[in-house]
Amino acid sequence: MAETSCSALLLFGATGDLSRRMLLPSLYALHEDGLIDPTLRIVGTARSEHDDAEFREFAAQALSEFLPPDRKDETKLASFLDRLQYQTLDASNVDGFGDLAKKLGDTSCGLSIFLSTAPALFEPTIQGLRNAGLAHDNVRIGLEKPLGNDLASSRRINDAVAAGFSENQIFRIDHYLGKETVQNLMALRFANMMFEPLWNSAGIDHVQITVSETVGLEGRKGFYDDTGALRDMVQNHMLQLLALTAMEPPRDYDATSIRDEKVKLLRALRPVKPEEMVRGQYRAGAVKGESVNGYLEDLGQQSDTETFVAIKAHVDNWRWQGVPFYLRTGKRLAERRSEIVLQFKQVPHNIFAERGGRLRANRLVIRLQPEEYVRLQVMAKEPGLDRGGIVLREVNLDLSLTTAFAKARRRIAYERLLLDLIEGEQTLFVRRDEVEAQWKWVDAIRKVWESGDHEVKPYASGGWGPNAAIALTERDGRSWND
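These figures come from a predicted structure and were not determined experimentally.

The full count for this structure, using the stated rule, is 36 salt bridges. Arg411 is the salt-bridge partner of Asp33, the closest N and O atoms lying 2.5 Å from each other. In this pair, Asp33 is assigned in the loop between helix 1 (17–32) and strand 2 (41–46) and Arg411 in the loop between helix 11 (401–404) and helix 12 (413–423), connecting sequence segments 378 residues apart. Take Arg411: its relative accessible area is 34%, and that puts it in the partly exposed class.

Attention now goes to the sheet that holds strand 5 (residues 139–144). Two strands in a sheet stick together by hydrogen bonds in their backbones, pointing the same way (parallel) or opposite ways (antiparallel). An order of 3-2-1-4-5-6 is seen for the six strands of this open sheet, with the pairing classed as parallel. The open sheet is flanked by strand 3 (84–88) and strand 6 (170–173), the only strands paired with a single partner. Across the sheet, the mean angle from the axis of one strand to that of its neighbour is 20 degrees, orientation sign disregarded. Note: strand 1 (residues 8–12) against strand 2, five bridges, orientation parallel. Its bridge partner being in strand 2, Ala8 is matched across the sheet by Arg41.

Listed under "binding site: substrate" (unreviewed entry) in the UniProt record, and renumbered for this structure, are His175, Lys179, Glu213, Asp232 and Lys331. What His175 contacts, discounting residues up to four positions off in sequence, is His237, Ala413, Tyr414 and Leu417. Assessed through its relative accessible area of 22%, Glu213 is described here as partly exposed. Contact partners of Glu213, with chain neighbours within four places excluded, come to Gly330, Lys331, Arg332, Leu333 and Glu335.

About the cut-offs
- Residues numbered from 1 in each chain as written.
- Predicted model: local features only at pLDDT ≥ 70, side-chain atom pairs only at ≥ 80, totals over all residues.
- Heavy atoms only, no water.
- Salt bridge = Lys/Arg side-chain N within 4 Å of Asp/Glu carboxyl O.
- Helix = DSSP H or I, 4+ residues; strand = E, 2+ residues; numbered from the N terminus.
- Buried < 20%, exposed > 50% of the residue type's maximum accessible area, 1.4 Å probe, protein only.
- Pairing = 2+ DSSP bridges.
- Axes fitted to C-alpha atoms, helices over the stretch in contact; angles between N-to-C directions.
- UniProt positions renumbered as here; feature names shortened; annotations may be inferred.
- Contact = heavy atoms within 4.5 Å.

What follows is the structure in C-alpha cells.
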C-alpha cells in the first residue's frame, strides 16, 4: 500500500443519491467485514441541514433500502451508524470550512476526502479545505467525475486541486475500474500465456466495446443535456476499458507501471474522421415490451444533445496497426450490457471445406454487466458419423465469475475504491495525464460536431441505435455482437 489507513473519512455530497445507493452501503460492507479500522470516523457534509442523529437516520433508511436482506445484521448496523457524524456546509462559501475542521478535530494521523459535488464547486471546495488546514500532507482526496466538460475546464479543476494536493494525494475516480471483471481483464491478459501471442494485429481482426443502457434520463435531465453520451461515457469509462484492453504489459501491478502504459495507449489514439463517428438521439419506442417516450419528451424542450455514440477508433502503434476498435454507447437501447469483444482472425485455410464444414472466427467476449463472465467462442465438430458431411458448430468455453467464485462475496465497485482511498492505494485511480489525453481526443470529436456538418440521427427506443452505427461496421464487412 502507498500509505497507512487514515483516522477519518470525509464525504462531500453525503445526502446525495450516490451516497444513498453506493457509498453508505459500501462503507457498511467494509465495516461489517472488519476491513476498516474500528476507530475510523465517517463524517458526512452537504448543504442540507442535519445534525448527527438526523444523518444517522438518513443513513439507516438508505441501508434499509439498498442493502440485500442477508447483509442486515442489526448489531453491526448499529455499530456502523455510531461511526457517522455530520456537518452542514455550503461548499461555495469558504467561511464555513472552519466549523467543518472543528468537527473533524485532529486529522494529523490521516484524513481521506471523497468529493462528490458539482464541477463548479471543486475550486471553492479546495480553497475552503486549504483555508481550514485540511489540505496537509496526510490528506488524500478522491474526486468523483465529471472532472470538467472539456480539456480546458478539466485543466482548471486539476490546477485547483494541485494547488492544495500533490499528485500522489489525488485519487480520480472512474468506478468502472473498481469492477471485478475489469480487473480480471488484466489477469486474463497478463497471467495467461495462451492469449499474449495472439493479442495483437496478427491475431485479432477487430475489437468492440459496448456500454448500452435501457433507461432514459432517470432524473438527470439538466446534467445529461449539458453533457451527452460522448462526455458522460466515452471520455471516461469507455476509453479506460480501451486502454486496459490494448495497453502494453506493465512492468508490475502497481499504480505507476499500469498508468504509464495506459497513458501511452491513450496518446496513440488516432484522431477520428467524420465518417468514423455516429451520434444519435432516441425517439419514442418500446423497451422490454413497454412504450417509452423520446428524449425530447423526457427532456421537455428542444435539444440536439446526443444519447448515442458509435466510433471507429484506431491505435497507431506496432501492436494494433490496422485493427479497428468499434466503440458504442447509448440510452434506451435493446438491453443493458457492458462488454468487450475481441474478434480473432479467421484461420488461413479451411481444411473442412470440401466436406461441408463452415468456419466462424473465434471470439472472446468479456462481459462486465449485468452478468460477469469471460466466454471464448470456438469451433467444434458436431457429434455424428459425418456421412452427409462434417458439421462444425460454434460452442462456448465459459468462465462464469459468479459460478467459479460462488463462495466469494461479490462486491460493488465502490467498496474497493473507498478502501483503496482510505489505505492510499492508487492503482485503480486515474492520473492527470490520462484524463488530459482522454479529453484531448474527445474534444477533437466535439469540434467536428460543433462545425455543424455532423447531424444527430434519430433512432427508435428499444433498438441498437441509428442505422448509421450498423453501417459503421458493415461497410468493413463486420457486424456488432448482437
